[in-house]
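# Topology and contacts: notes
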Amino acid sequence: QIPKDPAQRRLWELTMLSRQLQQVHPNVLAKVLQQETVYQNQEIVVINKPYGLPVHGGPGIRNCIADVLPILAKMLENMKAEPLHLCHRLDKETTGVMVLARSKEVAEKVRLLFKTRQVEKIYWAITLGTPDPAEGIVEIPIVEKEVRSHQSHYKMTLAPSYHLSPEDGKVVKGRRNRRAESAVTRYRLLSSSSACSLLELQPITGVKHQIRVHLAYGLGCPILGDHKYSHWSKLAPQKLPEITLKRLKLEQSKARHLPLHLHAHQLSLPLGQQIDLICKPPLFFLKTLKKLDLDV
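Predicted, not measured: the structure shown is a model, and the values here were computed from it. Numbering of residues starts from 1 in each chain and follows the order in which that chain's sequence is written. For a predicted model such as this one, the threshold for reporting local features is a pLDDT of at least 70, and the threshold for listing and counting side-chain atom pairs is 80 or more; totals across whole chains, interfaces and linings nevertheless cover every residue. Side-chain measures here rest on the full set of heavy atoms in the structure, leaving out hydrogens and waters.

Only DSSP runs of H or I covering at least 4 residues are called helices, and only runs of E covering at least 2 are called strands; the numbering of each starts at the N terminus. Within the secondary structure layout, Ser194 lies in the loop between strand 11 (184-193) and strand 12 (196-203). Whenever a nitrogen or oxygen atom comes within 3.5 Å of another N or O atom, the pair is scored as a polar contact, on the condition that within protein one atom can donate a hydrogen and the other can accept it, and that pairs from neighbouring residues in sequence are kept only if both atoms are in side chains. Within polar-contact distance, the side chain of Ser194 engages the side chain of Ser193 at 3.1 Å. We call two residues in contact whenever any of their non-hydrogen atoms come within 4.5 Å of each other. Beyond its immediate chain neighbours, meaning those up to four positions away, Ser194 contacts Ile243, Thr244, Arg247 and Leu292.

Quick look at the structure:
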């Protein structure tokens, strides 16, 4: 049943798109990625990754980017082309700049650039709330933990080195969690309106779900549509402020359909010469910016 309300129809279309990408023939998916190619040279191919498409396979996943790389290579070059290679990953719900390599050697080179933090990445996110201060650096280690609730699950979370002493409220340096990885994210407020913000983010490190965790738990500004990191103890749809719901023409009961508004906007790759890549945000992201009155 297609919803009549435009906002709900938009969310319904997105959900359907994610499902469709799972059900199409691999050739069709490769064709979609070919149309999303934003740059290519002798060494790399860069795509604007669509929403809801996983990079790797797994339980219940029929289609993923990794599986169609041989077909995509043939479409872009010729029937003799060797399969493209993944150089880094993006979450299933994240859109934007993704680099693929034409050979194993180039893939290794690019992976090393990512690992040694020589690749500059800029993300855009629409968040609930506004960070204070408007610009800064979040430097808090991150660790994966099991959340024990009626629905036990695993989440990445903060593992700060300091805490407040319950006795006298003084700042105490705690024992470092050996499993925690150091994580650093720069952020800058670009615009705020309707109880939401548009932030520019630069992850200096590359820990799993780093931006989502630093924004939600470090700054108290979860990403719009991030239902996993909007609560700690449970997996539940994000609770949206009244003004945001009004602007999005959405009921709280339908908030669970809201997609994650996180976009890999820009990437600078020092490969021979400096390659600067920009991907414009998907249509749903741009429409949300307009509805919330957030200026770019």
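Alright, that's what it looks like, and here's the rest.
Pairing of aromatic rings covers Phe, Tyr and Trp, the last counted by its six-membered ring, and requires centre-to-centre distances within 6.5 Å; plane angles under 30 degrees mean stacked, over 60 mean edge-to-face, and any other angle means tilted. The tally for this structure, following the rule as stated, stands at two aromatic pairs. Between the aromatic rings of Tyr51 and Phe284, the centroid separation amounts to 5.3 Å while the plane-to-plane angle is 70 degrees, which identifies the pairing as edge-to-face. Within this pair, whereas Tyr51 is found in the loop between strand 2 (44-49) and helix 3 (65-76), its partner Phe284 is found in helix 7 (residues 283-291), the two being separated by 233 residues in sequence. Tyr51 sits in the buried class, given a relative accessible area of 13%. Remark: exposure states derive from per-residue accessible area (1.4 Å probe, protein chains only) relative to the maximum for the residue type, with buried under 20%, exposed over 50%, and partly exposed in between. Judged by its relative accessible area of 7%, Phe284 falls in the buried class. Arranged with centres 6.0 Å apart and planes meeting at 75 degrees, the rings of Tyr217 and Tyr229 form a pair that is edge-to-face.

UniProt positions are given in the numbering used here, feature names are shortened, and annotations may be inferred rather than shown by experiment. The sites that carry the UniProt feature "domain: Pseudouridine synthase RsuA/RluA-like" (unreviewed entry) are, in the present numbering, residues 44-216. Segment residues 44-216 splits into 18% helix and 38% strand. End C-alpha atoms: 34 Å apart.

Throughout, the protein atoms alone are placed on a 1 Å grid, and a set of points is a cavity if a 1.4 Å probe fits but cannot get out or a pocket if it is open with protein on both sides within 12 Å along at least five of seven lines; lining residues have an atom within 4 Å of a point. Grid points are joined across faces, edges and corners, and a volume is the space filled by probe spheres set on the points. Here the largest pocket defines a volume of roughly 970 Å³. Around the largest pocket, the lining is made up of 37 residues, and of these Arg89, Lys121, Thr205, Gly206 and Val207 lie nearest the centre. Of all the secondary structure elements, the ones that give two or more residues to the lining of the largest pocket are helix 4 (104-115), strand 5 (120-128), strand 12, helix 5 (210-218) and strand 13 (262-271). With five residues, the single largest contributor to the lining of the largest pocket is strand 13. Residues were grouped as follows: Ala, Val, Leu, Ile, Met, Phe, Trp, Tyr, Cys and Pro as nonpolar; Asp, Glu, Lys and Arg as charged; and all remaining residues, including Gly, as polar. Across the lining of the largest pocket, the residue classes break down as 16 nonpolar, eleven polar and ten charged. Reported here for the second largest pocket is a volume of approximately 710 Å³. Surrounding the second largest pocket, 29 residues form its lining, Tyr51, Gly52, Lys92, Glu93 and Arg212 being those nearest its centre.

Among the nine residues of helix 5, seven are classified as buried, and the element is accordingly described as predominantly covered. Buried residues of helix 5: Gln210, Ile211, Arg212, Val213, His214, Leu215 and Ala216, and no others. Positive phi shows up at Gly220, right after helix 5, with a value of about 70 degrees.

This part is about the pattern of salt bridges. Should a side-chain nitrogen of Lys or Arg be within 4 Å of a carboxyl oxygen of Asp or Glu, the pair is scored as a salt bridge. Scanning all chains against the criterion turns up eight salt bridges. Asp91 is paired through a salt bridge with Arg212; the nearest N and O atoms lie 3.1 Å apart. On the criterion of sequence distance, the pair formed by Asp91 in the loop between strand 3 (85-86) and strand 4 (95-101) and Arg212 in helix 5 is long-range, its members being 121 residues apart. By the burial criterion, Asp91 is buried, and Arg212 matches it. Residues Glu200 and Arg188 are paired through a salt bridge, measuring 3.2 Å at the closest nitrogen-oxygen approach. With Glu200 in strand 12 and Arg188 in strand 11, this residue pair connects regions lying twelve residues apart in the sequence. Through salt bridges with shared partners, a single network forms among Asp91, Arg212 and Asp226.

A word on the environment of His56. Looking at the element boundaries, His56 is found in the loop between strand 2 and helix 3. His56 sits 30 residues away from Leu86 along the chain, and the two C-alpha atoms are 9.7 Å apart. Non-local contacts of His56, meaning those with residues more than four positions away in its chain, are made with Ile61, Cys64, Ala66, Leu86 and Arg89.

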